[in-house]
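# Overview (structure and organization)
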Amino acid sequence: MLTEAFDYHLPSELIAQEPAEPRDSSRLFVLHRDEERFEHRHFYDLPGYLRPGDVLVVNRSRVIPARFYAHKVPTGGKVELLLLAKRGSRRWESLVKGRKVGVGQRLEIGEEDDTLRGTVEAVTEAGGRLIYFDEPVEPYMEHVGVIPLPPYIHKKPPDVERYQTVYAKAEGSVAAPTAGLHFTPRLIEDIRNLGVEWLSVTLHIGLDTFQPVRSETVEAHQIHTEYCCLPPETAKRINRAKAEGRRIIAVGTTTVRVLESAAQDRDFGVGPWDGPTDLYIYPGYRFRVIDALITNFHLPRSSLLMLVAAFANLKLIKKAYEEAVARRYRFYSFGDSMLIL
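Described below are features of the structure shown in this document. Nothing here was measured: the structure is a model prediction, and the numbers come from that model.

This part is about the sheet that holds strand β10 (residues 129–133). One key point about sheets: their strands pair by backbone hydrogen bonds, in either a parallel or an antiparallel sense. Pairing in this closed barrel of six strands is antiparallel, and the strands run β5-β6-β7-β10-β9-β8 around the ring. For this sheet, the mean angle separating the axes of adjacent strands, direction not counted, is 45°. In the sheet, strand β5 (residues 67–73) pairs with strand β8 (residues 106–111) via four bridges, with the strands oriented antiparallel. Along β8, the bridge assignment pairs K72 with L107.

Attention now goes to the packing of aromatic side chains. The description of two aromatic rings rests on the distance between their centres and on the angle between their planes. This model, assessed by the stated rule, comprises 19 aromatic pairs. Judged by centre distance (5.9 Å) and plane angle (85°), the ring pair of Y163 and F334 falls under edge-to-face. With Y163 in the loop between α1 (138–144) and β11 (170–173) and F334 in the loop between α6 (314–326) and β17 (337–340), this residue pair connects regions lying 171 residues apart in the sequence. Classification of Y163 by relative accessible area gives buried; the value is 2%. Looking at F334, the relative accessible area reads 3%, which means it is buried. A connected cluster of aromatic rings, assembled from ring pairs, spans Y8, F29, F38, Y152, F297, Y321, Y329, F331 and Y332. Positioned above the aromatic ring of Y329, the side-chain terminus of R27 is 3.9 Å from the ring centre.

The next thing to look at is the packing of helix α5 (residues 303–312) against α6. The interhelical angle for the contact between α5 and α6, taken along N-to-C directions, is 115°, at an axis separation of 7 Å. On the basis of the axis angle, α5 is roughly perpendicular to α6. Two secondary-structure elements touch here, α5 through L305, V308, A309 and A312 and α6 through L314, L316, I317 and Y321. When grouped by side-chain class, the residues that make up the contact of α5 with α6 number eight nonpolar, no polar and no charged.

Time to look at helix α2 (residues 185–193). Among all positions in α2, only L187, I188 and I191 are buried. Buried residues of α2, seen end-on, are gathered within an arc of 100° and therefore sit on one face of the element. Pointing more than 90 degrees away from the buried face of α2 are the exposed residues P185, R186 and N193. Positive phi shows up at G195, right after α2, with a value of about 95°.

With that settled, consider the pairing of β8. Inspection of the sheet shows β8 paired to strand β9 (residues 114–123) by six bridges, in the antiparallel sense. Each bridged residue has a counterpart across the sheet, and for E108 the counterpart in β9 is R117.

Under the definition given, this model contains one cavity of 30 Å³ or more. By volume, the largest cavity amounts to about 70 Å³. The residue makeup of the lining of the largest cavity, split by class, is four nonpolar, four polar and two charged.

Relative to the helices and strands, E323 resides in helix α6. Overall, the relative accessible area of 24% leaves E323 in the partly exposed class. Residues E323 and I223, spaced 100 residues apart in sequence, show a C-alpha to C-alpha distance of 29 Å. If near-sequence neighbours (up to four positions away) are discounted, E323 is found in contact with F29, F38 and H40.

In this section: the environment of H182. By the secondary structure assignment, H182 is in the loop between β11 and α2. Judged by relative accessible area, H182 falls into the buried class, the value being 3%. Measuring from C-alpha to C-alpha, the distance between H182 and P22 comes to 8.4 Å, with 160 residues separating the pair along the chain. Each residue touching H182, except ones within four places of it in the same chain, is listed here: R23, D24, S26, F43, L187, N296, G335, D336 and S337.

The subject of this paragraph is the layout of surface pockets. Think of a ball as big as a water molecule: rolled over the atoms, this probe shows where empty space is left. What the second largest pocket holds in volume is close to 410 Å³. If you trace the second largest pocket, you find 25 residues lining it, with L84, A85, K86, G172 and H204 closest to the centre. Looking at the lining of the second largest pocket, the elements that each hand over two or more residues are β6 (78–86), β7 (91–97), α1, β11, β13 (226–230) and β15 (273–277). Per-element accounting of the lining of the second largest pocket gives the leading share, four residues, to β6. Taken together, the residues that form the lining of the second largest pocket break down as twelve nonpolar, six polar and seven charged.

Cut-offs and rules
- Residues numbered from 1 in each chain as written.
- Predicted model: local features only at pLDDT ≥ 70, side-chain atom pairs only at ≥ 80, totals over all residues.
- Heavy atoms only, no water.
- Pairing = 2+ DSSP bridges.
- Helix = DSSP H or I, 4+ residues; strand = E, 2+ residues; numbered from the N terminus.
- Axes fitted to C-alpha atoms, helices over the stretch in contact; angles between N-to-C directions.
- Phe/Tyr/Trp six-rings, centres within 6.5 Å; stacked < 30°, edge-to-face > 60°.
- Buried < 20%, exposed > 50% of the residue type's maximum accessible area, 1.4 Å probe, protein only.
- Lys NZ or Arg CZ within 6 Å of the ring centre and 35° of its normal.
- Parallel < 35°, antiparallel > 145°, perpendicular 65-115°, else oblique.
- Contact = heavy atoms within 4.5 Å.
- Nonpolar A, V, L, I, M, F, W, Y, C, P; charged D, E, K, R; others polar.
- Arc of directions from axis to C-beta.
- 1 Å grid on protein atoms, 1.4 Å probe; cavity = no way out; pocket = protein on both sides within 12 Å on 5 of 7 lines; lining within 4 Å.
- Points joined across faces, edges and corners; volume = space filled by probe spheres on them.

Structure, rendered in structure tokens:
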């Protein structure tokens, strides 16, 4: 399948630069797959599409302050680092913005009396850098690191917590699982009071969020691994719901990848999972777990858009995106939401 099939035209003014206030006032595009029918609501209308016994699964990963501003030693040249994934206690795979940051280059972050130092050990296949730090990075994150926003957001929100879900607990992502940004504590309470089961899994979002599919064909693209976790008790509750014919509704493409990874090589349901996944979902994939999906609107040529097209049919998704553009929905991380039933 050609990657260009996942292109679409988006006017730049529809790329959301700030989140809706309150969170659940964002618009909700409801797509009924079987009927090929659309509805236009707001996110606070979500409970009207849920029923007792449904299982709503969210990604509880929290964005870490993974952007650092460093300088080269001894020249002092400026370098911007985005720490993507931990590869040991002090080693991090990173994106680097700066001139001539080669193997062996020493880097310093912070002030003279509170300095974090590291050395570039290797250039990665994706063009990033593997950096070994002289001491653990985590203690420096809160006072030196910066929460990384996607490059298409040019306006920093007054409160960086707006780029976190209200239920984020497990630190490790470098981008937010944005489908969950629309939930408020009150809305979650209303959903639970309906008799909907609320479960959480973890996937720490890394490199692939920033990488469009550049290969000519979809199949030639190689997705990078990301850490995910589905606890045994959560797996047991999902399997019970599946056996009873209750719907599993994933909040976000990252949650889909956790659930579907944990279902590979199984005749039924999911198993506990704690480790990396490189599951790549595109049209032709057979879904084993999810029955519905809550998601945002995704970038052209992205693996996220391919996953959504696999779930809802590419032709129908392109028609839905055209409708969303015509109705001036807001796109991407701070944008509006879509419910696919």
